[in-house]
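Commentary on secondary and tertiary structure
Spelled out from the first residue to the last, the chains are:
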Amino acid sequence: MNDEPVLHVKGRVLVGPEDVRDELWVVDGRITYDRPVNASDIRTVSGWALPGLVDAHCHVGLGVEGPVDVDVAEKQALTDRDAGTLLIRDAGSPSDTRWIDDRDDLPDIIRAGRHIARTRRYIRGFAHEIEPDELVAYVAQEARRGDGWVKLVGDWIDREVGDLAPCWPREAVEAAIAEAHRLGVRVTAHCFAESSLRDLVEAGIDCVEHATGLTDDLIPLFASRGVAIVPTLVNIATFPSMAAGGETKFPRWSAHMRRLHERRYDTVRNAYDAGIPVYVGTDAGSSLPHGLVAAEVAELVTAGIPPVEALSATTWTAREWLGRPGLDEGAPADLVVYERDPRTDVRVLGAPSRVVLNGWVVD
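Before going further, it helps to examine the pattern of salt bridges. Taken as a whole and assessed by the stated rule, the structure comprises 26 salt bridges. Between Glu74 and Arg103 there is a salt bridge whose closest N-O contact spans 2.9 Å. A residue pair is termed long-range when its members are at least 10 positions apart, and Glu74 in helix α1 (residues 70-82) and Arg103 in the loop between β8 (85-90) and β9 (108-111) qualify at 29 residues. Judged by relative accessible area, which is 24%, Glu74 ranks as partly exposed.

Note that Asp163 resides in strand β14 (residues 163-166). Overall, Asp163 belongs to the buried group, its relative accessible area being 6%. Within the structure, the side chain of Asp163 is placed 3.0 Å from the side chain of His256, a separation counted as a polar contact. Excluding residues that lie within four positions of it along the chain, Asp163 makes contacts with Trp156, Ile157, Asp158, Arg252, Trp253 and His256.

This next bit is on the sheet that holds strand β18 (residues 335-338). With mixed pairing, the seven strands of this open sheet are ordered in space as β3-β2-β1-β4-β18-β19-β20. This sheet does not close on itself; its edge strands, each paired only once, are β3 (30-32) and β20 (360-362). On average, each strand axis in the sheet is inclined to that of its neighbour by 40°, with strand direction left out of account. Of the pairings in the sheet, the one linking strand β2 (residues 20-27) to β3 comprises three bridges and is antiparallel in character. Across the sheet, the residue bridging to Trp25 is Thr32, located in β3.

Conventions we followed
- Residues numbered from 1 in each chain as written.
- Predicted model: local features only at pLDDT ≥ 70, side-chain atom pairs only at ≥ 80, totals over all residues.
- Heavy atoms only, no water.
- Salt bridge = Lys/Arg side-chain N within 4 Å of Asp/Glu carboxyl O.
- Helix = DSSP H or I, 4+ residues; strand = E, 2+ residues; numbered from the N terminus.
- Buried < 20%, exposed > 50% of the residue type's maximum accessible area, 1.4 Å probe, protein only.
- Polar contact = N/O pair within 3.5 Å; in protein donor to acceptor, adjacent residues only side chain to side chain.
- Contact = heavy atoms within 4.5 Å.
- Pairing = 2+ DSSP bridges.
- Axes fitted to C-alpha atoms, helices over the stretch in contact; angles between N-to-C directions.

This is the structure:
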């Protein structure tokens, strides 16, 4: 990478939604806004430049049956990279993907360890499946394996009830989240249903994935606690087919999943209108392909989030939330260039003209 020429990015550099500059330079993989002195080997890229996109709910190293081989995980990461996703919050994976950290040509990954689920209450092969009295210990374990996050499975189908139901008693999640915070990590949880949310938020959770069960009576609680949501609308689009597959055995669950799907856009728009932080995540991995970040941004716009805010949810505010720099002086040069202004039409995100990762132009 250090053999790369000085890179000159010119056109419109979107440092922020309103902070637009004419150019930046990349020297030794780092961004500078000062023209380098005596640079003789210069490569120029022109267009509309954004910070590398963020997928805040992604699963590298995960397939439909659990962990995948390294070559498959590599293809997943490359697919995300080529779509402009240069920062991933891996929201639970049974695979060890630390080898990716040594690859300058693959996205940066912030890991949440492996999912922690109740026994027989999640997809087989994905999670640690445990009982409530083990939850604190497993949260501590995954806190050590992750990069500042831990992922719980907050609810799943209860076969005895025939519908979605919380996985953990209130006292268990209170103790587990307290332990995570003591260790300096944040906690997120998979939640489809309404019934798991209040306990998790009042116990101090930092984020909720999917959040399809977020109702009007719960929205003020989320907003007052500053709990973020990652709606993964491209995944919620699969609810009707999931419901059809379970109709015969679990009709109550199927009807519930359809209701959650039908109100999905209202749920996200109401959350945004109330000031709840909303971030882009695709839930890639398992049954969903990688590289869907542009489609998820478009879904947020369909839900009623203004285009610039939907764009920010995968760029400026998303990076700030995850503690990673954007197009800052001295920051790693992770950026994506487009032919048109993505602020006026987020569909532009689906066709990057150039991806620059660690100062290296991906050709």
